[in-house]
Amino acid sequence: FNQNIYTWFDIGGYSAHVGFLVDRLTAMMMVVVTFVSLLVHTYTIGYMHEDPGYQRFFAYISLFTFSMLMLVMSNNFLQLFFGWEAVGLVSYLLIGFWYKKPSAVFANMKAFLVNRVGDFGFLLGIAGVLYWLGTLDYQTAFNNAVLVSRSIFDLLIAGHLSSAIVPVLSEIEAAEGREALRRVLRAMAGLILVVVGAFALMILPLADPIAGLLGGDDSETVTLSAHLLPLTSPAIAGLLGGDDLETLTLTAHLLRLTSPAIVLLALFSLYSGALYALRSFTYPAMAAAVFNGTLVVLTLAGGALVGGENTITVVALAWVAAAAAQLALQLWGLRGRGSLWPTFDLRDRLVRPVLGKIGRLYVPVIGATILDIATTRFLTYALAASAAIAYGNVYIVRATTLMQFPQGLVATAISAAVLPTLSRSAALVRDDPNGGHAQGFADTLGYGLRLTTALILPAAVGLAVLAIPTIQLLFEHGTNTSADTAITATALRVYLVGVPFAAWDLLLIYGFYARQDTRTPALVGVVSLVTYTLAALLLTPIFDLYALMMADAVKHITHALISAVLLWRRIGGLPGQRLAATLFKALAACAVMVGTAAVMLPLTEGLANGESLSETVRLALLLAGCGGAYLGAAFVLRIDDLRGLAGLVLRRRG
């Protein structure tokens, strides 16, 4: 919760607000303050019972509790200062409570004078923040700063770099050995330090205009956004807006703090791609958990140590440290393979052709990604903002967050695991076209498609069936009502139509990548984006907000079908892979799961009482029942790939 209650005063371009910020750290401090206050009040009832200043003392400690809560709950530095001053005032009153005693008067005067010295430093710090950053509000600014760094990473690096390097590194490791792979990694690390490091350094002087593009709400910023994003209109570019000048200056400051994370994330992508090429999946799989865990621990620890106006800086630095932690994890996974220290010598006979090949693979991927962001994202937000259903973008964010769970859990994991083997098989086919290696490529791709089918269909169908209880547990709190849940559930279910196709499509795309062909998926992506745009524009007048989900499903279906036809023709089909049989068996098992859900949903309706614990128990029971029904049906129908996967997991645990 982060809300300004009212505007206190306006001076020039600065507006002072009274507002409150309640997050996990604040909630923990609220519990500490109120619990300690409860103990003090309880003890005081007896201790001060005979004192003539009984009522006055309780007034003081009640005001102290209020001041502490105001301090920890404030969402800006100015309100924090007044909370701190109120704490100091009550401390002065409590220390001199027995004001007839000279020792008490002397003590409270000494405390008053010492506190004024600290207050002077506090005021200087606040004045410096306001002068240099132009704001005293920080939460939105930090979110924007992290969003920029993360967006740059997603756009320029993320999975795209791994997609380009895994096939090449797999080929090098198979043909030249691990020593050659190590040399290439050292050279690529040096190149990343130079190129991405220079890019990160450019953020330092350009942080202010970047922050303006991200959050400016004035006409000049909107016009500038439209010029820099020529594929969008000024109205669409205006969707980037919404923050005031104060927030933007702090955003720029935090951008400078978080810019080193771009380099760390780029190196992480390189080394995780190397681990994938070596078919070592444990450390890349643990990266997200290490990142999030480091971020949470350092934020809580740092916030508790420094607190106050430095909290937002702690969070920004924790984000950089989290990026370093997941990089360190990948380096630990590569230990024992010789020195990986970056080198800037590109004269190695392996390095130049490898870098050229990776560059040729990377350019089409990043081009298609930029086009996707410049069309799909902006068009979606623009149409959602103009939809008859209010707060359309909120429902889109919630639905896409839930939709991405099965996509990431199933499709991304399987595709990343299959890509190195596909790359090796494709390399063998290129080296010896008549050696019978094409069947190995087809078998690997066929296994990935069958396993994806057996997992993504129940995940998508199950999420669609259990959409209401899932959304109730996660989002139906505070001002969110059952009507919001119904809208989000409908949006999610329409999105889920395209999820199986997106999962199959990702494997097909990786099939092209394994053959070191990134141009074809990029061109298919252009066709699917045109399809999305036309579908969104044509369907919006009829279906309003839900037209965007329909268009998204059409985009994934179009891309998957075209990719399947093209790859099928290039590899000569997938004979003997039992894809249709697996599809029909998985659909039949999903029908059993849907029937089970239809029985269990009414039976567990009593647990949907608005309490988190009851709703969590209900959702856990529904997941167990539906999951058990699907697995039982899959066992009876003999979906062999699932049985093989279960056996592999059991052997690993044993």
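Here, the structure is the one placed above.
Residues numbered from 1 in each chain as written. Predicted model: local features only at pLDDT ≥ 70, side-chain atom pairs only at ≥ 80, totals over all residues. Heavy atoms only, no water.

Asks: Would you explain the overall build of the chain in this entry?
Replies: Regarding its fold elements, the chain presents 24 helices and 2 strands. Out of the 654 residues in the chain, the part that is buried amounts to 48%. The long-range fraction of contacts in the chain, counting pairs at least 24 apart against all pairs at least 6 apart in sequence, stands at 78%. Of the roughly 31600 Å² that the chain leaves accessible, carbon and sulfur atoms contribute 69%. (Helix = DSSP H or I, 4+ residues; strand = E, 2+ residues; numbered from the N terminus. Buried < 20%, exposed > 50% of the residue type's maximum accessible area, 1.4 Å probe, protein only. Contact = heavy atoms within 4.5 Å. Areas by Shrake-Rupley, 256 points an atom, 1.4 Å probe, with all protein chains shown as cover.)

Asks: What should I look at first to understand the packing of helix α18 (residues 482–497) against helix α21 (residues 546–571) in this one?
Replies: A pair of packed helices is captured by two measures, namely the crossing angle of their axes and the spacing between those axes. Where α18 meets α21, the closest approach of the two axes is 7 Å, and the angle between their N-to-C directions is 15 degrees. Between α18 and α21, the crossing angle belongs to the class labelled roughly parallel. For α18 against α21, the interelement crossing comes out right-handed. In this structure, α18 contributes I487, T490, A491, V494, Y495 and V497 to the contact, and α21 contributes Y546, M549, M550, D552 and A553. Its residues assigned to classes, the contact of α18 with α21 shows 9 nonpolar, 1 polar and 1 charged. (Axes fitted to C-alpha atoms, helices over the stretch in contact; angles between N-to-C directions. Parallel < 35°, antiparallel > 145°, perpendicular 65-115°, else oblique. Left-handed = near helix turned anticlockwise from the far one by under 90°. Nonpolar A, V, L, I, M, F, W, Y, C, P; charged D, E, K, R; others polar.)

Asks: Looking at this model, I keep getting lost on the packing of helix α16 (residues 438–465) against helix α22 (residues 579–603). Mind explaining?
Replies: Their axes nearest at 9 Å, the elements α16 and α22 cross at an angle of 20 degrees. Viewed along their axes, α16 and α22 adopt a mutual orientation that is roughly parallel. Crossing hand, α16 versus α22: right-handed. Residue-level inspection shows G446, L449, R450, T453, A454, L457, P458, V461, G462 and V465 of α16 in contact with α22, the latter providing L579, T582, L583, A586, L587, C590, M593, V594, A597 and L601.

Asks: I would appreciate a short explanation of the environment of E173 in the present structure.
Replies: Topologically, E173 is positioned in helix α6 (residues 158–176). Overall, the relative accessible area of 13% leaves E173 in the buried class. In this structure, the C-alpha to C-alpha distance between E173 and L278, residues 105 residues apart in sequence, is 7.7 Å. Setting aside chain neighbours within four positions, we find E173 in contact with R178, L181, L278 and R424.

Asks: For this particular structure, what's the right way to read the nonpolar core?
Replies: In summary, soluble globular proteins display a tendency toward joint burial of nonpolar side chains. In this structure, L492, L496, L545, L548, M549 and Y630 are the most contacted members of the largest nonpolar core, which totals 75 residues. It is helix α15 (residues 392–431) that provides the largest number of residues to this core, a total of 12 residues. Apart from the residues within four sequence positions on either side, L545 is in contact with A384, A387, I389, G392, Y395 and I396. Counting residues in each nonpolar core, the second largest holds 48 residues, with A189, I192, F291 and L295 among its members. (Core = buried A, V, L, I, M, F, W, Y, C linked by side-chain atoms within 4.5 Å.)

Asks: Got a minute to help me understand a nonpolar patch on the surface in this structure?
Replies: A cluster of nonpolar side chains, M28, M29, V32, F35, V36, L38, L39 and V40, forms an exposed patch at the surface whose accessible area comes to about 690 Å². Here F35 lies in helix α1 (residues 24–47). (Patch = residues over 30% accessible without salt bridge, like charges linked within 9 Å, V, L, I, M, F, W, Y side chains within 5 Å. Salt bridge = Lys/Arg side-chain N within 4 Å of Asp/Glu carboxyl O.)

Asks: Help me out: how do you make sense of the packing of aromatic side chains in this one?
Replies: What describes a pair of aromatic rings is the distance from one ring centre to the other and the angle between the planes of the rings. Applying the stated rule across the entire model yields 5 aromatic pairs. Summarising the aromatic geometry, the rings of Y43 and Y47 are spaced 5.5 Å apart at their centres and angled 20 degrees between planes, so their arrangement reads as stacked. Of the two residues, Y43 and Y47 both sit in helix α1, 4 residues apart, roughly one turn of that helix. When its relative accessible area of 56% is taken as the criterion, Y47 is described as exposed. With a centroid separation of 5.0 Å and 55 degrees between ring planes, the pair formed by Y54 and F58 is classed as tilted. With Y54 and F58 both in helix α2 (residues 54–73) and 4 residues apart, the pair spans about one turn of that helix. Taking the ring centre of W98 as reference, the NZ or CZ of K101 above it sits at 5.1 Å. It is K555 that lies over the ring of Y532; its NZ or CZ is 5.6 Å from the centre. (Phe/Tyr/Trp six-rings, centres within 6.5 Å; stacked < 30°, edge-to-face > 60°. Lys NZ or Arg CZ within 6 Å of the ring centre and 35° of its normal.)

Asks: Can you help me understand α2 in this one?
Replies: Think of an α-helix as 3.6 residues a turn; residues three or four steps apart then line up on the same face. Taking 1.5 Å of rise per residue, 20 residues should cover 28 Å, and α2 covers 29 Å from first to last C-alpha, within 8% of that figure. Along α2, the residues that are buried comprise F57, F58, Y60, I61, T65, S67, L69, M70, L71, V72 and M73. (Expected span 1.5 Å × (residues − 1).)

Asks: What should I look at first to understand the pattern of salt bridges in this one?
Replies: Counted by the stated rule, this structure contains 4 salt bridges. Here D552 ties to K555 by a salt bridge, and the two come within 3.8 Å at their closest N and O atoms. Here D552 and its partner K555 are both found in helix α21, 3 residues apart, which amounts to about one turn of the helix. Exposure remark for D552: the relative accessible area of 10% places this residue in the buried category.

Asks: Which parts of the structure should I look at to understand the side chain of D484?
Replies: Structurally, the position occupied by D484 is in helix α18. Among the polar contacts listed, one links the side chain of D484 to the side chain of Y395, at a separation of 2.5 Å. A polar side-chain atom of D484 sits 2.9 Å from the main-chain amide nitrogen of T481. (Polar contact = N/O pair within 3.5 Å; in protein donor to acceptor, adjacent residues only side chain to side chain.)

Asks: For this particular structure, what's the right way to read the environment of M73?
Replies: Mapping M73 onto the fold places it in helix α2. The class for M73 is buried, based on a relative accessible area of 17%. Distance in space between the C-alpha atoms of M73 and M30 is 8.0 Å, their sequence separation being 43 residues. Setting aside residues no more than four positions away along its own chain, M73 makes contact with G19, F20, L21, V22, T26 and M30.

Asks: What is the right way to read unusual backbone geometry from this model?
Replies: Excluding glycine, residues mostly have negative phi values, and the peptide bonds linking residues are mostly trans. Here the phi dihedral of D544 falls at roughly 55 degrees; this positive angle occurs in a residue that is not glycine. The topology assignment puts D544 in the loop between α20 (519–543) and α21. Accessibility expressed as a relative area gives 19% for D544, which makes it buried. A positive phi is found at R638, a non-glycine position, where the angle reads about 60 degrees.

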